[in-house]
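# Chain and residue survey
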Amino acid sequence: MVQAPNRPFNDRDRDRDRDRDRSRGRDRDRDRDREEDTGGFTERVVYTRRIAKVVKGGRRLRFNALVVVGDGQSEVGVGLGKALVIPDAVRKGNAVARRDTVKIPLRGTTIPQKITVKKGATIVMIKPAGEGTGVIAAGAMRAILELGGVKDVVGKSMGSRNPINIVYATMEALRQLKDPDVELARRYGRPLPSEENKVVTVPLGPSSEEPQADDDSLDTGNVESLMSERPGETLEGD
């Protein structure tokens, strides 16, 4: 049997071509929507991999995508998405990362203290650095620190070099960072430092914006009535 040109050989090929065309159309629409609605976050795909599941009819392929999102102002999140194609996996990872973000307590352009965390088989060490040092880290850890708004920091990973383990260990280290001002206020029972608790300095002298009342414009009617009740006393103080 000779197959006709540009025609599927059987129903299976026809269904596969139709599903592929629909998937491509959905991917274009989703990519366009993601570019239009960023929500102030920057997205970066740090790792992708293909997973093959062997079944009776052959191998089923799926893809994983590890996505890091951050606003560059101390907020960062990580998500792992899984789908049949990479664009869908990236979209799912982006949604997961936005749901679970971490607020980094920055001290200027660096972190407040050194921290070491062991997560699974990976050990990460992050320590502050002086201004102008830059981000000294590699791979997935660098992406998290840059998108989190950290400008000067030194990071090192030991043990397992799996990017997924490194990302989760780095996020756990950032969660354990403490702001010194907040910790001191909590231990000594003081009010937490915030915008509402700031002390506002008020000048003691009369404000130049408010008009001052003249002595001639004062109402002396009440004063005269009070002084009349006291015989022998006048307004002039005689």
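These numbers were taken from a predicted model, which means no experiment stands behind them.

### Section: the overall build of the protein chain
- If you tally the helices and strands in the protein chain, you get 6 helices and 8 strands.
- Put simply, the protein chain has 238 residues, and 27% of those count as buried.

### Details of the pattern of salt bridges
- In this structure the tally under the stated criterion is 7 salt bridges.
- Among the ionic pairs, Arg175 bridges to Asp100, the shortest N-O distance being 3.3 Å. Pair noted here: Arg175 is in helix α4 (residues 163-175) and Asp100 is in the loop between α2 (86-99) and β4 (101-103), with a separation of 75 residues, a long-range link.
- We classify Arg175 as partly exposed; its relative accessible area is 39%.
- The closest approach of N and O atoms between Asp181 and Arg107, which form a salt bridge, is 3.3 Å.

### Digging into the sheet that holds strand β2 (residues 58-70)
- Taken together, the 4 strands give an open sheet; going across it, the order is β1-β2-β3-β4, and neighbouring strands pair in antiparallel fashion. Across the chains shown, the open sheet's two edge strands, defined by having one partner strand only, are β1 (42-55) and β4. Each neighbouring strand pair of the sheet contributes to a mean axis angle of 15°, computed without reference to strand direction.
- By the bridge criterion, 8 bridges tie β2 to strand β3 (residues 75-83) in an arrangement that is antiparallel. Directly across from Asn64, in β3, lies its bridge partner Lys82.
- Seen against the sheet, helix α3 (residues 139-147) touches β1, β2 and β3 and runs at an angle of roughly 145° to β1.
- Of the strands in this sheet, β1, β2, β3 and β4 are in contact with α4, which crosses β3 at around 150°.

### Some points on the confidence of the model for the protein chain
- Per-residue confidence for the protein chain averages 78 on the pLDDT scale, and 65% of its residues sit at or above 70.
- Counted against residues more than four places away or in other chains, residues 1-5, with its pLDDT under 50, gives 3 contacts.
- Counting contacts from residues 195-202, a segment whose pLDDT is below 50, to residues more than four positions away or on other chains yields 2 contacts.

### Some details on the environment of Val153
- Residue position: Val153 is located in strand β8 (residues 153-159).
- C-alpha of Val153 to C-alpha of Gly134: the two residues are 19 residues apart in sequence and 6.3 Å apart in space.
- Not counting residues up to four positions away in its chain, the partners in contact with Val153 are Ile111, Ile126, Lys127, Ala129, Gly134, Val135, Ile136 and Leu145.

Procedures and definitions
Residues numbered from 1 in each chain as written. Predicted model: local features only at pLDDT ≥ 70, side-chain atom pairs only at ≥ 80, totals over all residues. Heavy atoms only, no water. Helix = DSSP H or I, 4+ residues; strand = E, 2+ residues; numbered from the N terminus. Buried < 20%, exposed > 50% of the residue type's maximum accessible area, 1.4 Å probe, protein only. Salt bridge = Lys/Arg side-chain N within 4 Å of Asp/Glu carboxyl O. Pairing = 2+ DSSP bridges. Axes fitted to C-alpha atoms, helices over the stretch in contact; angles between N-to-C directions. Contact = heavy atoms within 4.5 Å. pLDDT = per-residue confidence, 0-100.

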